[in-house]
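Topology and contacts: notes
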Amino acid sequence: MKKTAVAPSNIAFIKYWGRKDEELRLPENGSISMCLSRLTTTSTVEFNESFLKDEIVINGTIEEREASRVVKHLDRVRKIAGIPLFAKVVAANNFPTGTGLSSSASGFAALTLAACAATGITMNEQELSILARQGSGSACRSIPSGFVEWLDGDTSESSYAHSLYPPGYWDIADIVAIVSEGRKDVATSQGMKLFGTSPFSEARKSGIPQKIVEIKDALSKKDFTKFGEISEAEALNMHAVMLTSCPSLIYWTPGTLRLMKLVKQWRTEGVEVYFTINTGQDIHLLVQGADVHKISEKLKELEFVKETIVNKPSAGAQLITEDLF
Ligand code: PMV
């Protein structure tokens, strides 16, 4: 009744922002992403008759902030499995939490897989993705491997992610630049509720299907220029909606902006690099494998970049044998 899973975070090139169903977490639009090799959550879940309540430990401390969301997810698993037992969950991220690196994606993907396995139920990848989505939307994209598409769907059963290409398909990297400490001031789940308040929300929604066609075409041709241009413009499009929401959502810090400008400058100097940003100050730089060293060296020279993490496309969620408790 005790199982451990590890799951990657993922970076979306075409992003999920806004929900057409809050309870089921059905997104306003489909999205395209890549699983990230160096940003992972490991989660051990045990159901046991002797437990008198659920206990959630995240990064070594008993969790208050996210506990109810995790318990709600355990309830979904208990309902499917038909077991009434309480659980202990011990989860650890190997990267900063709450700064735009999507710990909820890796966290809920690992939790879903470990919890299902701990109850003994077997689910296929699609079913796991559907379940993970209900904990955190982007978590559904951390179940399949490599380059992934989340089909928005109009029902719970039709809203899931699947792999477009395996991790080894394309030698590109996502270099995460950590530009400041501290958590973002508005959680993603809360921020997303403001989607409809932006005067640009409809324009964003109507443009997404074409962008998905174009980025899938760029992926199929391994056209890095097209792929990078679409990804960077898409991140700015999402942030335009955030900035113009009511109240406005400003996730960037001075370090984020300085790096955005530098990326554009480096391109004019001949290095092909693009940025993308989620909810938070940390910034993801998209580069081809051959340019990883060059960009990493440039980042090392910047005093406001605290740390860099080089991610390659990775496998999705997997069960492992090593328990956290
Ligand atoms: O699944 P959530 O609630 O962590 O939302 C993810 C939202 C973005 O990271 C901003 C975009 C995305 O598609 O990952």
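Residues numbered from 1 in each chain as written. Predicted model: local features only at pLDDT ≥ 70, side-chain atom pairs only at ≥ 80, totals over all residues. Heavy atoms only, no water.

1. A few points about the domain arrangement of the protein chain
The following threshold applies: In this document the domain limits rely on a domain assignment from an automatic tool or a database. Residue contacts are defined here by distance: any two heavy atoms, one from each residue, within 4.5 Å place the two residues in contact. When two parts are put together, the accessible area they lose, computed with a 1.4 Å probe and summed over both, is reported as buried area. Salt bridges, as used here, are contacts in which a Lys or Arg side-chain nitrogen is within 4 Å of a carboxyl oxygen on Asp or Glu. N or O atoms within 3.5 Å of each other form a polar contact, as long as, within protein, one can give a hydrogen and the other can take it, and as long as residues adjacent in sequence are counted only when both atoms are side-chain atoms. For helices the rule is a DSSP run of H or I covering at least 4 residues; for strands it is a run of E covering at least 2, with both sets numbered from the N terminus onward.
Taken domain by domain, the protein chain consists of domain 1 (2–169 + 314–320) and domain 2 (172–311). Tallying the contact residues gives 35 residues for domain 1 and 45 residues for domain 2. Surface buried jointly by domain 1 and domain 2 totals about 3600 Å² across both partners, of which 64% is contributed by carbon and sulfur atoms. Of all residues in domain 1, Phe-13, Lys-15 and Trp-17 bury the most surface against domain 2, accounting for 24% of the area lost on that side. Where domain 1 meets domain 2, there are 2 salt bridges. When the shortest N-O distance is used, the salt bridge between Lys-205 and Glu-28 registers 3.3 Å. On the surface where domain 1 and domain 2 come into contact, there are 13 residue pairs in polar contact (both at pLDDT 80 or more). Of all the secondary structure elements, the ones that give two or more residues to the side of domain 1 that touches domain 2 are strand 1 (2–14), strand 4 (31–47), strand 8 (147–151) and strand 9 (160–165).

2. Topic: the sheet that holds strand 11 (residues 273–277)
Heads up, the rule is: Only when DSSP finds a minimum of two bridges between them are two strands counted as paired. Every axis in this analysis is a line fitted to C-alpha atoms, fitted for helices over the stretch in contact. Angles between the N-to-C directions lie between 0 and 180 degrees.
With antiparallel pairing, the 4 strands of this open sheet are ordered in space as 11-12-10-13. Of all strands in the sheet, those with a lone pairing partner are strand 11 and strand 13 (307–311), marking the two edges. Taking the axes of each pair of neighbouring strands and ignoring which way they run, one obtains an average angle of 25° across the sheet. Bridge analysis of strand 10 (residues 172–178) against strand 12 (residues 283–288) gives 6 bridges, and the strand direction is antiparallel. By the bridge assignment, Ile-172 is partnered in strand 12 with Gln-288. With respect to the sheet, helix 7 (residues 254–268) is in contact with strand 10, strand 11 and strand 12, its orientation differing from that of strand 11 by roughly 155°.

3. Regarding the pairing of strand 10
Rules: Think of it in three bands: residues with accessible area under 20% of the maximum for their type are buried, residues over 50% are exposed, and the middle band is partly exposed, with areas taken using a 1.4 Å probe on protein chains only.
Most of strand 10 is tucked away: 7 of the 7 residues are buried. Residues Ile-172, Asp-174, Val-176 and Ile-178 point to one face of strand 10 and Ala-173, Ile-175 and Ala-177 to the other, with burial holding for every one of them. In the sheet, strand 10 pairs with strand 13 via 5 bridges, with the strands oriented antiparallel. Bridged to Val-176 within strand 13 is Ile-309.

4. Considerations on unusual backbone geometry
What you tend to see is this: most non-glycine residues have negative phi, and most peptide bonds are trans. Residue Pro-247 is bonded to the preceding Cys-246 through a cis peptide linkage, with omega at -5°. Within the fold, Pro-247 resides in the loop between helix 6 (224–243) and helix 7. Although it is not a glycine, Lys-222 sits at a positive phi angle of roughly 50°.

5. A word on the pattern of salt bridges
This structure, assessed with the given rule, holds 19 salt bridges. Between Glu-55 and Lys-88 there is a salt bridge whose closest N-O contact spans 3.9 Å. A residue pair is termed long-range when its members are at least 10 positions apart, and Glu-55 in strand 5 (residues 55–58) and Lys-88 in strand 7 (residues 87–93) qualify at 33 residues. Judged by relative accessible area, which is 23%, Lys-88 ranks as partly exposed. A network of salt bridges, in which partner residues are shared, links Lys-20, Asp-152 and Asp-154.

6. A few points about the site of the ligand
Basically, it comes down to this: The rule for a residue being near a molecule or strand is that one of its heavy atoms must lie within 4 Å of it. Any residue outside Ala, Val, Leu, Ile, Met, Phe, Trp, Tyr, Cys, Pro, Asp, Glu, Lys and Arg is labelled polar, Gly included; the first ten of those are nonpolar and the last four are charged.
Around the ligand, the structure places 13 residues, and the nearest of them are Tyr-16, Ser-104, Ser-136, Ser-138 and Arg-141. Within the contact set of the ligand, an oxygen atom lies 3.1 Å away from a side-chain nitrogen or oxygen of Ser-136. Measuring from an oxygen atom of the ligand, one finds a side-chain N or O atom of Asn-278 at 3.5 Å. Considered class by class, the residues forming the shell around the ligand number 5 nonpolar, 6 polar and 2 charged.

7. Some thoughts on helix 1 (residues 67–81)
Our working rule: Here, expected helix span is obtained from the residue count minus one, scaled by 1.5 Å.
In a regular helix each residue adds 1.5 Å, so 15 residues correspond to 21 Å; helix 1 covers 21 Å between its end C-alpha atoms and thus fits that length. With its phi angle positive at about 70°, Gly-82 sits one or two positions after the end of helix 1.

8. Remarks on the environment of Leu-262
Structurally, Leu-262 can be placed in helix 7. Between the alpha carbons of Leu-262 and Trp-150 there is a distance of 31 Å; along the sequence they are 112 residues apart. Residues contacting Leu-262, with those up to four places away along its chain left out, are Leu-302 and Phe-304.

9. Observations concerning the pairing of strand 12
The buried fraction of strand 12 amounts to 5 of the 6 residues, a majority that puts the element mostly inside the structure. Where strand 11 lies against strand 12, 5 bridges are found, and the strand directions are antiparallel. Considered in strand 12, the bridge of Ile-277 is made with Ile-283. Between the antiparallel neighbours strand 11 and strand 12 lie 5 residues, among them Gly-280 with a positive phi of about 150°.

10. Quick notes on the packing of aromatic side chains
Test applied: Only rings of Phe, Tyr and Trp enter the pairing, Trp through its six-membered ring, and a pair is recorded when the two centres are within 6.5 Å. The plane angle decides the type: under 30 degrees is stacked, over 60 is edge-to-face, the rest tilted.
Evaluated as defined, the whole model comprises 9 aromatic pairs. Between the aromatic rings of Trp-170 and Phe-227, the centroid separation amounts to 5.1 Å while the plane-to-plane angle is 70°, which identifies the pairing as edge-to-face. Of this pair, Trp-170 sits in the loop between strand 9 and strand 10 while Phe-227 sits in helix 6; the two residues are 57 residues apart in sequence, bridging distant segments of the chain. A residue is classified by how much of its surface remains accessible, and Phe-227, at 0% relative accessible area, is buried. Seen in terms of ring centroids, Phe-224 and Phe-227 are 6.1 Å apart; in terms of plane orientation they differ by 40°. Their pairing is tilted. One end of the pair, Phe-224, and the other, Phe-227, are both in helix 6, 3 residues apart, so they sit about a helical turn from each other. What makes Phe-224 buried here is its relative accessible area of 4%.

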